[in-house]
Number of protein chains: 4
Amino acid sequence: MTIKVKHQVHFYDTDTMGVAHHANYIRWFEIGRVEYLRSIGINLNEMMADDILFPITKVEAQFHSPAHFDEIIEIETTATALTKAKMEFEYRILRDDTVLVTGFTQNVFTNKTTGKITRLPEKYYTLLE
Amino acid sequence: MTIKVKHQVHFYDTDTMGVAHHANYIRWFEIGRVEYLRSIGINLNEMMADDILFPITKVEAQFHSPAHFDEIIEIETTATALTKAKMEFEYRILRDDTVLVTGFTQNVFTNKTTGKITRLPEKYYTLLE
Amino acid sequence: MTIKVKHQVHFYDTDTMGVAHHANYIRWFEIGRVEYLRSIGINLNEMMADDILFPITKVEAQFHSPAHFDEIIEIETTATALTKAKMEFEYRILRDDTVLVTGFTQNVFTNKTTGKITRLPEKYYTLLE
Amino acid sequence: MTIKVKHQVHFYDTDTMGVAHHANYIRWFEIGRVEYLRSIGINLNEMMADDILFPITKVEAQFHSPAHFDEIIEIETTATALTKAKMEFEYRILRDDTVLVTGFTQNVFTNKTTGKITRLPEKYYTLLE
């Protein structure tokens, strides 16, 4: 399953080179991830209320072509691993048919109080499956 | 008393017009405010641990001249009101002798649990005085 | 005329107090301003191609109530002055019927090459009228 | 050669999980990269004035431990490849002796006017060597 979200490049996203600053795509991966999780019934506010955090452990991005102010881009998110212990996603960010950026992220789950890595409770894990 | 902090304009702070994006100065006011409070013995992490938050209620900024990538700017922060109920600061951001931005902020204190406006405990208030 | 744009608060917009960081609203005013200008036929990329920049000269914001991760907010933008020399806008940011933030901005027009304040060419000014 | 830069985590860098948002480290890699280049005599403003841009093509980051508001971190930057065609750097971000984040970036050089990949003029290349 691939979840698609449209996003507009705002003026404040650009830099002196006249393109969207590269660190923004890492933020935009997060938008895709949140929408993917929402689509399978997982709400991150609920997870935080249950004392579970989801820190990111790895990010990779390849930048193929730049986005510019005012362009509408699409964030495509695909899960490649969703287990009790971690979530892995792949991303493609496109403008029309042009692939601008591809990427990968890994998150683990931790207990909000202890800060230690934890396994996801069944309530969430059944949704990930 | 005026507290001065130096700060460098990074590439990611700039926009397509080739200058530091204006919203960054609002962030930089925060750097000045934090250093001002530190200088009088107030640590915001300690305040949060004591269940006190300090949401901002007003911001004003006048932009006189732009800052650019790699420039060193100086944030000057002066308290204009520090009471049990609110903190008000004025700011000047300069590059050498050129005033780039002037501004003003107001913060109140709220209880982290209730979200309601609260009065600052004596422990902090004596420092503000 | 008031132009309304919906916007979602992303995780990366939040801070340790669990709310959208206040500097983001200044960025979101920009989203409203760009949409307002688009609605009257003004495209900022075209303006920059015509060697006209539009630096901000004043920002004011009053923060009434915080926005949180994942909430959908609405940015309402109203022009209060649109002349050859400057643009002034007022903003209301709402979540449903709750006014979260109100604000004001002023932009002037400058020549990209000289950096000096300039008057808007008729091509754009007739649109502003 | 490894170039070290100190940086403070600001309140606006944090998120609802109470830690520095992960996308900021990608920005902080840029701070390290700029300082590395400065240390060998390369000024990016001069490069842009010479019509050379330096878009990023790859980013990788591994997040080991989080940074929090007000902490002083250190960005360590090491060049692993500096050629006429690309720059590659490795990064370690530490708080005291704790490695928080490690990473890698690759930049290429492009001509500002054509947008095409270009080879660095000798003026800069001799500095990279």
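Residues numbered from 1 in each chain as written. Chains lettered and ligands numbered in written order. Predicted model: local features only at pLDDT ≥ 70, side-chain atom pairs only at ≥ 80, totals over all residues. Heavy atoms only, no water.

Asks: Quick question: what am I supposed to make of the sheet that holds strand E1 (residues 2-8) of chain B here?
Replies: Through backbone hydrogen bonds, the strands of a sheet pair up, either in parallel or in antiparallel fashion. The sheet built from ten strands is open, its strands ordered E1(B)-E4(B)-E5(B)-E6(B)-E3(B)-E3(C)-E6(C)-E5(C)-E4(C)-E1(C) with antiparallel pairing. With one partner strand each, in any of the chains shown, E1 of chain B together with strand E1 (2-8) of chain C form the two edges of the open sheet. Here the strands of the sheet are splayed against their neighbours by 20° on average, with no regard to which way each runs. Of the pairings in the sheet, the one linking strand E5 (residues 86-95) of chain B to strand E6 (residues 98-108) of chain B comprises ten bridges and is antiparallel in character. In the strand pairing of E6(B), B:Ile93 is matched with B:Val101. Relative to the sheet, helix H1 (residues 23-39) of chain C contacts E1, strand E3 (56-63), strand E4 (72-82), strand E5 (86-95) and strand E6 (98-108) of chain C, its axis offset from that of E4(C) by approximately 60°. (Pairing = 2+ DSSP bridges. Helix = DSSP H or I, 4+ residues; strand = E, 2+ residues; numbered from the N terminus. Axes fitted to C-alpha atoms, helices over the stretch in contact; angles between N-to-C directions. Contact = heavy atoms within 4.5 Å.)

Asks: Is there a simple way to think about the relation of the copies chain A and chain C in this case?
Replies: The operation linking the two copies of the chain is a rotation about an axis combined with a translation along the axis. Each copy of the sequence occupies a distinct position, and chain A is placed on chain C by a rotation of 180° and an axial shift of 0.0 Å, giving an RMSD of 0.0 Å. Given the turn and translation reported, the copies of this chain are related as if by a two-fold rotation axis. Ranked by how close their C-alpha atoms come to the rotation axis, the residues of chain A are headed by A:His7, at 5.0 Å. (Least-squares fit on C-alpha atoms with pLDDT ≥ 70 in both.)

Asks: Looking at this structure, how should I read the relation of the copies chain D and chain A?
Replies: Structural alignment of chain D on chain A gives an RMSD of 0.0 Å, achieved by rotating through 180° and translating 0.0 Å along the axis. Counting the interface residues of chain D, we find that 100% of their copies in chain A are interface residues as well, pointing to one common contact surface.

Asks: I keep staring at the interface of chain D and chain A and nothing clicks. Help me out?
Replies: By convention, interface size is frequently given as the accessible area that disappears when the constituent parts associate. The interface of chain D with chain A comprises 21 residues on the first partner and 21 residues on the second. Taking both partners together, chain D and chain A bury about 1900 Å²; carbon and sulfur atoms supply 68% of that area. Linking chain D to chain A there are zero salt bridges. Where chain D touches chain A, the interface holds six residue pairs in polar contact (both at pLDDT 80 or more). (Buried area = accessible area lost by both parts, 1.4 Å probe. Salt bridge = Lys/Arg side-chain N within 4 Å of Asp/Glu carboxyl O. Polar contact = N/O pair within 3.5 Å; in protein donor to acceptor, adjacent residues only side chain to side chain.)

Asks: I'm lost on the interface of chain A and chain C in this one. Help?
Replies: Every contact between the two is made by 19 residues of chain A and, on the other side, 19 residues of chain C. Interface of chain A and chain C: buried area, both sides summed, is about 1700 Å²; carbon and sulfur atoms make up 54% of it. Together, A:Tyr12, A:Arg27 and A:Phe69 form the three largest contributors to the area buried by chain A at its contact with chain C, with a combined 35%. Taken together, the connections running from chain A to chain C amount to two salt bridges. At the boundary of chain A and chain C, one finds six residue pairs in polar contact (both at pLDDT 80 or more). Looking at the side of chain A that touches chain C, the elements with two or more residues in it are strand E1 (2-8), helix H1 (23-39) and helix H2 (44-49) of chain A. When residues in the side of chain A that touches chain C are grouped by element, the largest group, seven residues, is from H1(A). By residue class, the composition of the side of chain A that touches chain C is nine nonpolar, five polar and five charged. (Nonpolar A, V, L, I, M, F, W, Y, C, P; charged D, E, K, R; others polar.)

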